Structures are given as C-alpha cells and as structure tokens.
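Survey of secondary and tertiary structure
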Amino acid sequence: MIWGELETGLAGLAADGVLRRRRVLDGPCGPDAVIDGRRVLAFCSNDYLGLANHPTLVAAARDAAERWGVGSGASHAVSGHLRPHEEIEQRLAAFVGRERALYFTTGYMANLAIAPALVDRRDAIFADRLNHASLIDAALLSRAEHIRFPHGDMEALARRLEQSGARRKLILTDAVFSMDGDLAPLPALFELAERFDAWLVVDDAHGFGVLGPGGRGSAAHFELPPSPRLILMGTLGKAAGVSGAFVAGDQRVIEWLLQRARSYMFTTASSPLLAAALLVSLDLIERGEERRARLRQLIGRLREGLDGLPWRLSPSPTAIQPLMVGSNEAAVRLSERLFARGVWVPAIRPPTVPAGTARLRISLSAAHADAHIDTLVAALHDCARRD
Ligand SMILES: *Cc1c(COP(=O)(O)O)cnc(C)c1O
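Residues numbered from 1 in each chain as written. Predicted model: local features only at pLDDT ≥ 70, side-chain atom pairs only at ≥ 80, totals over all residues. Heavy atoms only, no water.

Describing the nonpolar core
- Grouped together as the largest cluster of nonpolar side chains are 84 residues, with contacts concentrated most on I362 and L380.
- The biggest single contributor to this core is helix α12 (residues 272-286), with 7 residues.
- Both domains that furnish three or more residues to this core are identified here as domain 1 (18-49 + 289-386) and domain 2 (55-286).
- Contacts of I362, omitting those with residues within four sequence positions, involve F43, L302, L306, A319, I320, Q321, L323, V345, L376 and L380.
- In terms of nonpolar packing, the next biggest core, distinct from the first, is built from 28 residues, A110, A144, V253 and Y264 among them. (Core = buried A, V, L, I, M, F, W, Y, C linked by side-chain atoms within 4.5 Å. Buried < 20%, exposed > 50% of the residue type's maximum accessible area, 1.4 Å probe, protein only. Helix = DSSP H or I, 4+ residues; strand = E, 2+ residues; numbered from the N terminus. Domains from an automatic or database assignment. Contact = heavy atoms within 4.5 Å.)

The structure is reproduced here in structure tokens:
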C-alpha cells in the first residue's frame, strides 16, 4: 500500500516530464563544469559575481578552519555562536544600513523564521503569486491567512489590503523573482505597507551583491528608507559565493527572531569557516563594481545575441534570463540538445514555475567570458534551425 503509491507517484512524475535528475560535478562551481569526464559550459548557477571558487575566499576558509575548526557544535543560543558569526552579523547590518542582522544557515531557514515568528492565525499575509517556494512554506507554517495577489499587481494588492480585517498584516515578496528575473515594484509595495500599517518582508536572494550601490541589494537600488516596517532577507550562497543567509532590520524584530524563530533556535550554527569566508566575500562585493559592470555587459550581449529565436526571452534586466519554451517536454528536449552541444542550461518545470511556462533558465556570472556567451548563442540558433 505505502509502496504502491510511491511507485505510481514516481511513474506519474516521469510521465509528466518533471522527474529531476542530478548531475554530478567533478570540480568547483564555475563556467567550466566537468561532468562524467566531459567539460561543459555551464549557465546554471547563482554565483553571479564568480566568487564561489575565488582564491581569496578559499584561503579565508582554509585559514578559518585552522583557527576555528570546522564545526560549531551547537545552536547559536547554546554554544555555537563563534566570533566569526558575531562579526558577520555586525558587518551585514552595517553593510545594508539596518540596526541589526541575524545570520542563518540557509535562505530557506531564514524565510521560515520571519513570517511564523511575526504573524499567526489572527493575521494575514499578502504574497505575490510568483514568490519563492520558501516564502510560500513560511506563510503556510505561520497559519496566517495566505492571500496571494497577481504578480506585480499593486492595485490588486491595495484592494486586498483594504478589504482585510486582519490584526497584523505582512506583505511578502521576492525582490528579484527567481525564475523570471524581473524586479518587484518595491517603492509601491513600501508605500502600501505604510498606508495599511503592514510589515514588508523583502527576499533579496538574487539582488544582494548584484544590485544597488556597492551591491547592497534591491532595497538600496530603489532607495527605500530604513523603516522599521521593512524587513530585509538576503542569501549568501548566491552572489556572495558561500552559504547561509541573513535577516536585517529593526532591533526589536531581530531580537524577536533570535528569541522565537524555530528555524533559528533549533538548528546547529553553520561552520564558522563559512562566516569567515563571508567576511572576505563582503569586501569583494563592496569593491565589486567591475564585476557588476561586467555582468551587465554580458546580459546585454546575451539579449542581443538571442534576438530572432523562436523562443521568447523574458524582459529581465538581471542575470536571470529565462527563455520561455512552454511544454515540459520541449523545455527538457531543448536543454538536452544544448547539453549534447556542450552547453548546460537547466530546464525549469512545474511546480517551480506555473504549468505551461516551462523554460530554460539561463543564469549569467561575471566569471563568464564573452566567448562563452557567443557559444551559447550559436548553440541556441543551431538548435532553432534544426528543430
Ligand atoms: C535560493 C532562494 C532562497 C533560499 O536560499 P538558500 O540559501 O538557497 O536556502 C530563498 N528565496 C529565494 C527567492 C531564492 O531564490
């Protein structure tokens, strides 16, 4: 009985073309990936600034392992909060210009902390329809009413806020949508949060390090004021090239998370060597204008090169460039044909994206060379010609 359902479930996933297959990399994250002894050109990672394998970060991690060991041994509140953890929190708070920051093991954990700690069944969460899965899970976990509004539709959001009789209101949004690459209208969202006395939680997984002056992220890009109602979440495994995440904001909010958030309290603090590497990563991000300019150049080169393909490139200004294909089968087939040509671009299917909008998610990194972009462009035009 229990086995039969799993087996038909797995067969169903295969029939729907949504079975996931992992590829094993025999080398570090970077444009040149080695898989099964073969080199392929990768456009898959969120390592937007090319820091994941940066020699200075590697050296910092190695030195920190000598000094602090590899394990933290306990949760932060018990005995796992080592000096590098404390330092990275202070650096992150200063970097994004907020009162205080809390360092989490992953972005998923950080998101699971915020909403459930701040709202409950008497309250309401207002969420963009295309929000990341971790924000959806956080909303469910909080038990608050989960009210979703059409992607980017501020009038719809205003109506829902107006109609709500909830005790507390919390607006939840990606800053850069992870599968579309477009930006949330943060100034309009902030204005609605002010008008309806709501919290605004901004998940900046794909903006931190990349957008705004010094890579300070989407809120800085839009010059949002450091209001207590604005809660910033950023991840440190993407542009920052390491691992982990942070929540930054008003001192009372951060202290409350430290005291109450279950995904903070009931998990072992991450390795201190990661926090030490992140301190160096923050320096490189802050001085990373050249890397960010390079990334913008590559985005322009790709968009120009892909003009005239049968598949439409979404209007994204960021390093996430989705090529819309449609059906799951067609997206997987195109991804496989590219792979056969030595180019690795993942097909993204439901439930990660809505049904019928399967796509190739091309993600660019400052570590890519112009020639890499040209290879991808040529391979896609070749696939289109032979379709
Ligand atoms: C990747 C991602 C997360 C999760 O962060 P991890 O550190 O990978 O757990 C959360 N939100 C968004 C929008 C993401 O893209």
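Overview of unusual backbone geometry
- Cis geometry marks the peptide bond from P350 to P351; its omega dihedral reads 10°.
- In this structure, D36 takes a positive phi of about 50° despite not being glycine.
- Residue position: D36 is located in the loop between β1 (32-35) and β2 (38-42).
- Residue class for D36 comes out exposed when judged on its relative accessible area of 72%.
- Even without a glycine there, the phi angle at E223 is positive, about 55°.
- For E223, the location among the structural elements is in the loop between α9 (218-221) and β8 (230-235).

Examining the side chain of S142
- Mapping S142 onto the fold places it in helix α6 (residues 133-142).
- On the basis of relative accessibility, which here comes to 5%, the residue S142 falls in the buried class.
- S142 has contacts with A115, P116, V119, D120, R121 and I125, leaving out every residue within four places of it along the chain.

Here's the deal with the domain arrangement of the chain
- One can read the domain layout of the chain as domain 1 (18-49 + 289-386) and domain 2 (55-286).
- Centre-to-centre, using C-alpha coordinates, domain 1 lies 27 Å away from domain 2.
- In this complex, domain 1 contributes 20 residues to the contact, which on the side of domain 2 involves 20 residues.
- Counting across the interface, domain 1 meets domain 2 through 1 salt bridge.
- R359 serves as the salt-bridge partner of D180, at 3.1 Å between the closest nitrogen and oxygen.
- Summed over the shared surface of domain 1 and domain 2, the number is 9 residue pairs in polar contact (both at pLDDT 80 or more).
- Looking at the side of domain 1 that touches domain 2, the elements that each hand over two or more residues are α13 (289-305), β11 (320-326) and β14 (358-363).
- Of all the elements, α13 adds the most residues to the side of domain 1 that touches domain 2, at 4 residues. (Salt bridge = Lys/Arg side-chain N within 4 Å of Asp/Glu carboxyl O. Polar contact = N/O pair within 3.5 Å; in protein donor to acceptor, adjacent residues only side chain to side chain.)

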